[in-house]
Amino acid sequence: MALDAAALALCAKELSAALADARIDKIFEPTRDEVVLNLRTRTDNPRLFLSARSGSARACLTKETFENPQTPPSFCMLLRKHFTGGRLLEVRTLPDERILFFDFQCTNEMGDTVVNTMAAELMGRYSNLVLVQTKNPANPAAEGKIIDALKRVDFEDSEVRQLLPGLAYTLPPQPQKASFLGVSAAGIVAAVSQKELPVAEALIKTTGGVGPVVCREAAYRAFGGRDVTASRMTEQEKAALLEAVTFVQAAYADGGTPVAVVVDGRPVEFSFLPLTQYSGADLVEYGSYSELLESYYAAKDKAERLRQKSRDLAKTVHNLHERAVRKAAARREEQAQSAASEELRVYGELLSANLWAIQRGAKNVTLTNYYDGKEVTIPLDVRLSPSANAQKYFKEYKKKQTAARMLTELIAESDAEAEYLATVQYEVETAEGEAALAEIRAELKSQGYLKYYKAKDKKQKPADFLRYVSSDGFPILVGRNNAQNDRLTLKTARGRDVWFHVKNAPGSHAVVLSGGQPVPDTTKTEAAVLAAVHSSQNGGAKVQVDYTEVRNVWKANGAKPGMVLYDPYETAVVTPDPALAECLRAK
């Protein structure tokens, strides 16, 4: 569900109380659609989170930590210029509008006191964050001039409303609908009764200020699961709808209750009143609207942030992998052509043995092949003598033979490169943060796949291994990428520790730190499951995992990062179990 105007207004009241007289300390932009304001009040240091992402637009307090880009985006720098140190004057909304205004008293570059406003427009795919400088500081709600917008809207994007620096800020066009929370319940019932639609749809069409889920809830409270057409309601049904609408309005007037509908442990809907329309689902109440919004959007936003951060790198690695695969295929095709070189040798021998029978300038000659007794027609170069034609075929034969020998090595190199890049591709897809992505970029740079940009590169603390503890108490470490896999297997682990890796597929190295003690079978099975979970085969039912002592694992000269050899070894067949992995995760 998108945040509707009613829930947003209640959230605004909550923010206004929590952030009274707060000052902006720091400003960050973790992704292109999100802004985080570190604030200071007299008693606390809250963080305000503003998201203009189409699927999860919201404004709330947050306790989540974010990884910020190494270089602040230009919009973040603009925010810092105009808002850092600003004191919050007011958090306000407009009736039935999904826009939240944060008015700050700031000081401009000339030292004058001005009022700058952040207008968080939380309207689904049209969500935006607009910075406005108010013309009249005594009346921040008056029309102001746009400083800039997170997503600029020009005349090509919209003929109705543009959001560009220097233009006057105007509100988006509002459909002509009765306010669900501003009109009497009797007026709403009367308006709905004119529609030849089911009651829930009629409420959605005729009223504004609340989302579809609230309209469906009012209809459900009035009629249960019955499908009632609005224009055919009886007086008794109208009275039931009147009571349901009155209940919703009263719940809003009392401040509402932040509630989420949870199905199979996953929140699927939320509102400011208990939703009874979802039979069999759990209703979870939260202490604040900020907690509700954080909980509802947390997992979705985390995945989207990682997707945004890794998108360019994933595209680069995908192209590199595709190029390596095409290169190997082209070399195999060339090798197949080189396999026909024996025919060239035979042509050269036949021409040498029959020089006396070949006339100079002939385009071809038909001779008897003394290997099989059959007639064979040999093309000739009219510019060359019969002897030179024979030497030409011998030269081409030697060239093909040399190419065949070299292509065998080149094909092995291409296959190894494609295998290595497949592991990097998997690592990018499963990276859990900017630190892990930075290590992958550094690895690709060291292998010559990415260029060095020393002016932009900044040292960043490397990500730690994934740490687990088996049910028998043995530590299990899992690498996040090829660089960590090498460090884990070749430097951190010791000879008697047990090493695990999924068979013939990209995946992480997993090592059980034995401390010199025998490793129980239970721990080995759990480590094998972890190796399967952290591999490209984590969706399979039966996954083969090779394991051996670390002393049996070595790296060949010139091998790519993460690529090792091992022998002897044993193979276990396990089923990937993410729930088990979560249980074993070191706290």
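Cut-off values and rules
- Residue numbers restart at each chain and count upward from 1, following the sequence in its written direction.
- Two thresholds apply to this predicted model, a pLDDT of at least 70 for residue-level local features and 80 or more for giving and counting side-chain atom pairs, whereas whole-chain, interface and lining totals are computed over all residues.
- Heavy atoms throughout the structure, all of them, feed into the side-chain values; hydrogens and water do not.
- A run of H or I in DSSP counts as a helix once it spans at least four residues, and a run of E counts as a strand once it spans at least two, with each numbered from the N terminus.
- Contact between two residues is taken to exist if any of their heavy atoms lie within 4.5 Å; hydrogens are not considered.
- Only the protein chains shown count as covering a residue, and every accessible area follows the Shrake-Rupley method with a 1.4 Å probe.
- Counting rule applied: Lys, Arg positive; Asp, Glu negative; His and chain ends not counted.
- Charged side chains are reduced to one point each, which is NZ for Lys, CZ for Arg, CG for Asp and CD for Glu.
- Only when DSSP finds a minimum of two bridges between them are two strands counted as paired.
- Fitted lines through C-alpha atoms give the axes, limited to the stretch in contact for helices. The angle between two N-to-C directions lies from 0 to 180 degrees.
- We call Phe, Tyr and Trp rings a pair once their centres come within 6.5 Å, taking the six-membered ring for Trp, and we label the pair stacked below 30 degrees between planes, edge-to-face above 60, and tilted otherwise.
- Throughout this description, buried means an accessible area under 20% of the type-specific maximum (1.4 Å probe, protein chains only), exposed means over 50%, and partly exposed covers the range between.
- Here, over-ring charges are defined by two tests on the NZ atom of lysine or the CZ atom of arginine: distance to the ring centre within 6 Å, and angle to the ring normal within 35 degrees.
- Here pLDDT means the predictor's own confidence in every residue, given as a number from 0 to 100.
- The reported arc concerns the directions from the helix axis to the C-beta atoms and nothing else.
- Think of a nonpolar core as a cluster: buried Ala, Val, Leu, Ile, Met, Phe, Trp, Tyr and Cys residues, connected wherever their side-chain atoms sit within 4.5 Å.
- Put simply, the grid is 1 Å and covers the protein atoms alone, a cavity is a trapped set of points that fit a 1.4 Å probe, a pocket is an open set with protein on both sides within 12 Å along at least five of seven lines, and lining residues have an atom within 4 Å of a point.
- Grid points are joined across faces, edges and corners, and a volume is the space filled by probe spheres set on the points.
- Throughout, the ten residues Ala, Val, Leu, Ile, Met, Phe, Trp, Tyr, Cys and Pro are labelled nonpolar, Asp, Glu, Lys and Arg are labelled charged, and all others, Gly among them, are labelled polar.
- Each reported salt bridge corresponds to a side-chain nitrogen of Lys or Arg within 4 Å of a carboxyl oxygen of Asp or Glu.
- For the purposes of this analysis, a disulfide is any pair of cysteine sulfur atoms at a distance within 2.5 Å.

**Remarks on the overall build of the protein chain**
Item 1. Regarding its fold elements, the protein chain presents 13 helices and 24 strands.
Item 2. For the protein chain, the spread of C-alpha atoms along the three principal axes comes to 115 × 70 × 65 Å.
Item 3. Across the protein chain, contacts joining residues at least 24 apart in sequence account for 59% of those joining residues at least 6 apart.
Item 4. Approximately 30100 Å² of the protein chain is accessible, and the part contributed by carbon and sulfur atoms is 51%.
Item 5. Of note, the protein chain has its 75 positive side-chain charges centred 6 Å away from the centre of its 74 negative side-chain charges.

**Overview of the sheet that holds strand 12 (residues 259–263)**
Item 1. The antiparallel open sheet is built from three strands, whose spatial order is 13-12-14. Edge positions in the sheet fall to strand 13 (266–271) and strand 14 (282–285), since each has one partner strand and no second. Within this sheet the neighbouring strands show an average axis-to-axis angle of 30 degrees, counted without direction.
Item 2. In terms of strand pairing, strand 12 meets strand 14 through four bridges, oriented antiparallel. Looking at the pairing, Ala260 lines up with Val284 of strand 14.

**Looking at the packing of aromatic side chains**
Item 1. Applying the stated criterion across every chain yields a total of 13 aromatic pairs.
Item 2. Considering the side-chain rings of Phe49 and Phe66, the 5.3 Å spacing of their centres and the 5 degrees angle between planes classify their relative orientation as stacked. Here Phe49, found in strand 3 (residues 47–51), pairs with Phe66, found in the loop between strand 4 (58–61) and helix 2 (74–83); they are 17 residues apart in sequence, far enough to count as distant.
Item 3. The exposure class of Phe66 is buried, given its relative accessible area of 16%.
Item 4. Aromatic pair Tyr566 and Tyr569: ring centres 5.2 Å apart, planes at 75 degrees, arrangement edge-to-face.
Item 5. The side chain of Lys13 reaches across the aromatic face of Tyr252, ending 5.8 Å from its centre.

**Things to note about the confidence of the model for the protein chain**
Item 1. Residue-level pLDDT values for the protein chain average 88, and 95% of them are 70 or greater.
Item 2. Across residues 453–457, where pLDDT falls below 50, the model places three contacts with residues more than four positions away in sequence or in other chains.

**A closer look at helix 4 (residues 199–206)**
Each α-helix turn comprises 3.6 residues. Residues three or four places apart therefore point the same way.
Item 1. Those residues of helix 4 that sit buried are Val199, Ala200, Ala202, Leu203 and Thr206. Viewed end-on, helix 4 has its buried residues packed into an arc of 165 degrees, placing them on one side of the element.
Item 2. Summarising the contacts, the buried residues of helix 4 are in contact with strand 10 (178–179), helix 3 (185–192), strand 11 (207–208), helix 5 (212–223) and helix 6 (235–253).

**Description of the nonpolar core**
Item 1. Of all hydrophobic cores here, the largest spans 82 residues; its most connected members are Phe102, Met118 and Leu241.
Item 2. Setting aside residues no more than four positions away along its own chain, Phe102 makes contact with Leu15, Leu48, Leu50, Ala59, Leu88, Glu90, Val91, Asn116, Thr117 and Met118.

**Remarks on the layout of surface pockets**
Gaps between atoms show up when a probe of the same size as a water molecule is rolled over them.
Item 1. Volume-wise, the second largest pocket comes out at about 890 Å³.
Item 2. Taken together, 37 residues make up the lining of the second largest pocket; nearest its centre are Arg98, Met123, Tyr126, Pro173 and Gln174.
Item 3. Elements that contribute at least two residues to the lining of the second largest pocket include exactly strand 11 and helix 5.
Item 4. The element best represented in the lining of the second largest pocket is helix 5, accounting for four residues.
Item 5. Residues belonging to the lining of the second largest pocket are distributed by class as follows: 18 nonpolar, eight polar and 11 charged.

**Points about the pattern of salt bridges**
Two side chains bearing opposite charge may form a pair once their charged atoms approach each other closely.
Item 1. By the definition in use, this model includes 21 salt bridges.
Item 2. Notably, a salt bridge pairs Arg53 with Glu34, separated by 2.9 Å at the nearest N-O pair. On the criterion of sequence distance, the pair formed by Arg53 in the loop between strand 3 and strand 4 and Glu34 in strand 2 (residues 34–40) is long-range, its members being 19 residues apart.
Item 3. Between Asp464 and Arg467 there is a salt bridge, and its shortest N-O distance comes to 2.8 Å.
Item 4. The exposure class of Arg467 is partly exposed, given its relative accessible area of 39%.
Item 5. One salt-bridge network, in which partners are shared between bridges, spans Arg496, Glu549 and Arg551.

**Considering the state of the cysteines**
Disulfide: a covalent bond connecting the sulfur atoms of a pair of cysteines.
Item 1. All chains considered together, the criterion is met by zero disulfides.
Item 2. Left without a disulfide partner, Cys60 is nearest to the cysteine sulfur of Cys11, which lies 6.5 Å away.

**A look at the sheet that holds strand 21 (residues 543–549)**
Item 1. As summarised here, the arrangement of the six strands in space is 17-18-20-19-21-24, forming an open sheet in which the pairing is antiparallel. A single partner strand is all that each edge strand has here, and the edge strands are strand 17 (466–469) and strand 24 (570–574). Mean inter-strand twist for the sheet, computed between neighbouring axes without regard to direction, equals 25 degrees.
Item 2. Bridging between strand 19 (residues 498–502) and strand 21 involves five bridges; their strand directions are antiparallel. Among the inter-strand pairings, Phe500 is bridged to a residue of strand 21, identified as Tyr547.
Item 3. Packed on one face of the sheet, helix 11 (residues 482–492) meets strand 18 (475–478), strand 19 and strand 20 (510–512) and runs near 140 degrees to strand 18.

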